[in-house]
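# Geometric and topological summary
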Amino acid sequence: MRWSDQGVEVDDGALPGLGKAGLVRSVQTPEFEGVTFHEVLAKSALNQVPEASNLPFRFTVNTFRGCTHACRYCFARPTHEYLDLDAGKDFDSQVVVKLNVAAVLRKELRRRSWRRETVALGTNTDPYQRAEGRYRLMPGVISALAESATPFSILTKGTLLRRDLPLLRQASRQVPVSIAISLAIHDPELQKALEPGTPSPKARLELIRAVADAGFAPHVMVAPVIPYLSDSTTHLDALLAALAEAGASGVTAFPMHLRGATKPWFLEWLAEHHPALVRRYRGLYGRGAYVTPEYSAWLRDRMRPLVQRHGLVGAQGFRDEAAQAAEPIAKPELQQSLTLF
């Protein structure tokens, strides 16, 4: 069994929000100190995206809920509240693992009603977070999609994707496969402070190079751009230069948004580490989740010449907000803040 020789906490089925139906057990291991994995048997794998989202895909698959990347700004944090868990520490340390996701997905893809529409992976929590090395859920998901002739995309910060590049190359001979890497912070110290569980910028640049060498055209999400911390010309220019050198085919950039419980969680960090910025953030975000239109326009104007300089416009040139693959639900107020290349 998984996690052999590790500590196992037998759960009585009372995990908040999950109930008894799908929970197999809850597991803790020294390899992931402070993290509890709740192994469940999922009833469904495909999630349908509302048509109003205006995204290029209508279905997603999430192998995990919660994420040990622990990105302070993660937009998916409020989804943990559906489980009666908090969007702060619980999101980072109480991770739900869908043990049977590949088997359930295969069954759903065999339905006569399935029209082989594009499926997006990594739109909520990262499918290649560190636990994927133990659970190995993605090979089964990739194979199920390829064998059913279903196109798919992957968005990740996780270098574990390199393990599956041979399988992804094989899948790309059967269906369209697109791969995007998220790398928005080039400064290692800032990256470690805001994304403590993620691979370093250097490691992700090496991943981009490996994806390009494997024959893919890796798109990079320079997102979110953190106001007053990662939005300087110096920082963005150095990042885009490194992306171009690594083989990125194009970039998508937009400013950080702070919806729901993510906002107080991020602002708590900001007050502790950058107290001088708290007042500026209050002016920039007000009571809402999104930056002002003026800041969005300012960032767009700053990014455009840098993207052009480093040849990261991509084959399709400037792309509209439908190309944005990081958001499962795109609201009008978010769409106005996107800068896409």
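Thresholds, definitions, all that
Residues numbered from 1 in each chain as written. Predicted model: local features only at pLDDT ≥ 70, side-chain atom pairs only at ≥ 80, totals over all residues. Heavy atoms only, no water. Helix = DSSP H or I, 4+ residues; strand = E, 2+ residues; numbered from the N terminus. Buried < 20%, exposed > 50% of the residue type's maximum accessible area, 1.4 Å probe, protein only. Contact = heavy atoms within 4.5 Å. Areas by Shrake-Rupley, 256 points an atom, 1.4 Å probe, with all protein chains shown as cover. Core = buried A, V, L, I, M, F, W, Y, C linked by side-chain atoms within 4.5 Å. Expected span 1.5 Å × (residues − 1). Axes fitted to C-alpha atoms, helices over the stretch in contact; angles between N-to-C directions. Parallel < 35°, antiparallel > 145°, perpendicular 65-115°, else oblique. Nonpolar A, V, L, I, M, F, W, Y, C, P; charged D, E, K, R; others polar.

Here the focus is the overall build of the chain. Secondary structure assignment for the chain yields 12 helices and 13 strands. Looking at the chain as a whole, 57% of its 341 residues are labelled buried. The long-range share in the chain, meaning contacts at least 24 apart out of those at least 6 apart in sequence, stands at 75%. Approximately 14,900 Å² of the chain is accessible, and the part contributed by carbon and sulfur atoms is 50%.

Let's shift gears to the environment of L207. By the element assignment, L207 lies in helix α7 (residues 201–213). A residue is classified by how much of its surface remains accessible, and L207, at 0% relative accessible area, is buried. Counting along the chain gives 46 residues from L207 to L161, while the straight-line C-alpha distance between them is 8.0 Å. Ignoring any residue separated from it by four or fewer positions in sequence, one finds L207 in contact with G158, T159, L161, R162 and I181.

The biggest cluster of nonpolar side chains holds 89 residues, and the ones touching the most others in it are F152, L168, L243 and F266. For F152, the contacting residues outside a window of four places in its chain are T118, V119, L121, I142, L145, L168, A171, V175, P176, V177 and S178.

Right, let's get into helix α9 (residues 262–273). Counted at 1.5 Å a residue, the expected span for α9 with its 12 residues is 16 Å, and the 17 Å between its end C-alpha atoms agrees. Among the residues making up α9, those that are buried are T262, K263, W265, F266, W269 and L270. Those residues of α9 hidden inside the fold are in contact with α1 (89–93), α6 (188–194) and α10 (278–285).

Taken N-terminus to C-terminus, the directions of α7 and helix α8 (residues 233–246) make an angle of 30°; their axes are 8 Å apart at the nearest point. The angle between the axes of α7 and α8 places the two elements in the roughly parallel class. Two secondary-structure elements touch here, α7 through L205, I208, R209 and A212 and α8 through A242, L243, E245 and A246. Residue composition of the contact of α7 with α8, grouped by class: 6 nonpolar, no polar and 2 charged.

Bear in mind that shape data such as this cannot, by itself, settle questions of function.
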